[in-house]
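Structural overview for review
For reference, the chains in residue letters:
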Amino acid sequence: MISLSLVGCGRISDRHVSAINNCPNLNLISAYDIDSKKASLFNEKYSIPAYDSLQEMINSNKADVVVILTSSGNHFSTYLEVRSFFDHIIIEKPLTLRIEDAREIIKDEISGKNIYIVKQNRFNKPVVLCKQLIEDGLLGDLFLGSIRVRWCRTQDYYNLSDWRGTWANDGGVLANQAIHHIDLLLYLMGGFKSVDAITRNFGSEIEVEDTAIAQIEFTNGSIGIIEATTATRPTDLEGSISLLGTSGAIDIGGFAVNSLKRLELNDENRKRYYSDRIAEYSENPPNVYGYGHNEFYKRVSDSITNLKPDKTISASSGIACLELLHSIYVSAAENRRVFSSEKVSYKPLGNSNNN
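The following paragraphs examine the structure supplied in this document. Since this is a predicted model, take the numbers as computed values, not measurements.

Examining the side chain of Ser222
- Summarising the element assignment, Ser222 is placed in the loop between β9 (211-218) and β10 (223-229).
- A polar atom in the side chain of Ser222 sits 2.5 Å from the side chain of Asn220.

Some points on the packing of aromatic side chains
- All chains considered together, the criterion is met by nine aromatic pairs.
- Ring centres of Phe42 and Tyr46 lie 5.0 Å apart, and the angle between their planes is 50 degrees; this geometry places the pair in the tilted category. You can see Phe42 and its partner Tyr46 sitting in helix α2 (residues 36-46), four residues apart, about one turn around the helix.
- Ring centres of Trp167 and Tyr346 lie 5.3 Å apart, and the angle between their planes is 65 degrees; on these two criteria the pair is classed as edge-to-face.

Quick look at helix α10 (residues 292-305)
- Across its 14 residues, α10 extends 20 Å between first and last C-alpha, which sits within 8% of the 20 Å expected from 1.5 Å per residue.
- Burial in α10 covers these residues: Gly292, His293, Phe296, Tyr297, Val300, Ser301, Ser303 and Ile304.
- Among the structural elements, β1 (2-7), α1 (13-21), β2 (26-32), β4 (65-68), β5 (88-91) and β6 (114-117) are those in contact with the buried residues of α10.
- A positive backbone phi angle near 55 degrees is found at Leu307, which sits one or two residues after α10.

Things to note about helix α5 (residues 99-110)
- Taking 1.5 Å per residue, twelve residues should reach 16 Å; α5 reaches 16 Å between its end C-alpha atoms and fits that length.
- Considered for burial, the residues of α5 that qualify are Ile99, Asp101, Ala102, Ile105, Ile106, Asp108 and Glu109.
- Looking at the buried residues of α5, the elements they touch are α4 (75-82), β5, β6 and α11 (319-334).
- Trailing α5 by a residue or two, Gly112 shows a phi angle of about 120 degrees, which is positive.

Thoughts on the nonpolar core
- Counting residues in each nonpolar core, the largest one holds 82 residues, and the members touching the most others are Leu174, Ile226, Ile241 and Ile250.
- At eight residues, α11 tops the list of elements feeding residues into this core.
- Those residues in contact with Ile226, other than ones at most four positions away along the chain, are Ile147, Leu174, Ile182, Leu185, Ala212, Ile213, Ala214, Ile216 and Ile328.
- Val17, Ala19, Cys23 and Val118 belong to the second largest nonpolar core, which has 26 residues in total.

A few points about the pattern of salt bridges
- Counting across every chain of the model gives 20 salt bridges.
- Between Asp14 and Lys45 there is a salt bridge, with the nearest N and O atoms lying 3.2 Å from each other. Taken together, the positions of Asp14 in helix α1 and Lys45 in helix α2 put the pair 31 residues apart, joining distant regions of the chain.
- Residue Asp14 is classed as partly exposed on the basis of its relative accessible area, which comes to 31%.

Thoughts on the sheet that holds strand β11 (residues 238-245)
- An order of β13-β12-β11-β7-β10-β9-β8-β14 is seen for the eight strands of this open sheet, with the pairing classed as mixed. Strand pairing shows two members of the sheet lacking a second neighbour, β13 (259-265) and β14 (338-339), which therefore form its edges.
- When strand β8 (residues 192-200) meets β9, the two strands line up antiparallel, connected through eight bridges. Opposite Phe192, over in β9, you have Phe218 as the bridge partner.
- Its contacts with the sheet put α11 on β8, β9, β10 and β14, and the angle it makes with β8 is roughly 50 degrees.

What about the pairing of strand β12 (residues 248-253)?
- Where β11 meets β12, four bridges bridge the pair, whose relative direction is antiparallel. The residue bridging Ile241 from the neighbouring strand is Ile252, located in β12.
- Where β11 folds back onto β12 in an antiparallel hairpin, the turn is made up of two residues.
- As defined by bridge partners, β12 adjoins β13 across six bridges and the pair is classed as antiparallel. Among the inter-strand pairings, Gly253 is bridged to a residue of β13, identified as Ser259.

About the thresholds
Residues numbered from 1 in each chain as written. Predicted model: local features only at pLDDT ≥ 70, side-chain atom pairs only at ≥ 80, totals over all residues. Heavy atoms only, no water. Helix = DSSP H or I, 4+ residues; strand = E, 2+ residues; numbered from the N terminus. Polar contact = N/O pair within 3.5 Å; in protein donor to acceptor, adjacent residues only side chain to side chain. Phe/Tyr/Trp six-rings, centres within 6.5 Å; stacked < 30°, edge-to-face > 60°. Expected span 1.5 Å × (residues − 1). Buried < 20%, exposed > 50% of the residue type's maximum accessible area, 1.4 Å probe, protein only. Contact = heavy atoms within 4.5 Å. Core = buried A, V, L, I, M, F, W, Y, C linked by side-chain atoms within 4.5 Å. Salt bridge = Lys/Arg side-chain N within 4 Å of Asp/Glu carboxyl O. Pairing = 2+ DSSP bridges. Axes fitted to C-alpha atoms, helices over the stretch in contact; angles between N-to-C directions.

In structure tokens, the structure reads:
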């Protein structure tokens, strides 16, 4: 059995507990939250020891793996607190808010520490299919990719915690909600060359953006569109991605990139095969988190058990997404196209000295 401890007992912790419990050789043994009330509620709900002292949790029964579920702006500081105690560390998205911090984490990974980033949407059934179609050449040369995140987050959502909707600890719709979809766009289309973006705030009184659009040029010459908002009312509409290639097209929809909506292929035999099995490549999750956490934890388990790194979930697999995120923010702030070669960093993001 591989033992795990959670650092952070907030909203996302429930999803992780469920996925850990779904993996036969993983065992959640403890949790920590700086908020004693949250720690107490977690203990009551799951009958798992929960502490309001990180050191006490570590000293009482140190796990094999620690899972960082704190607010985005605290990922790196939490990582610094735990890295000397654990050889295996999982970090929720995004890896960090500041690029400089992410690069330091990756240095540790290169030095031999196992560090995993949660990118669960990569393991959604239709996304797995899409990746296979691309690798098999059935979509041909990709020339256009687009993501649409049309979700509803009201002021009540942002009022849940004082870190939400801030540059220092959260970022806006791009850094929080759409970060998984941006990751998918890069995962499927390849690295980016340049980006031109506009960000606005339409739905809530927060210091960051709740709506954004961006035009992307990829290194292979293809182009892409990002559309993201949490100002949709009165409820979530979709979290989707579409890819067009010279030999086919695919549209993955639902509100968590979970449903294969349409697949068109020049290869009629393969098109018929997949068209008859659309239900097999779709899921119906109860919320926007989907089911990908289950596969993520299975891969973590396999990686640790077999002493074999998994590049799909490694910390280094999250740096390209973070670089694009910062480039989008700089583009919107400076009203210009930003090139990946510039290696820009948007200073307000993750900076606790903004005010």
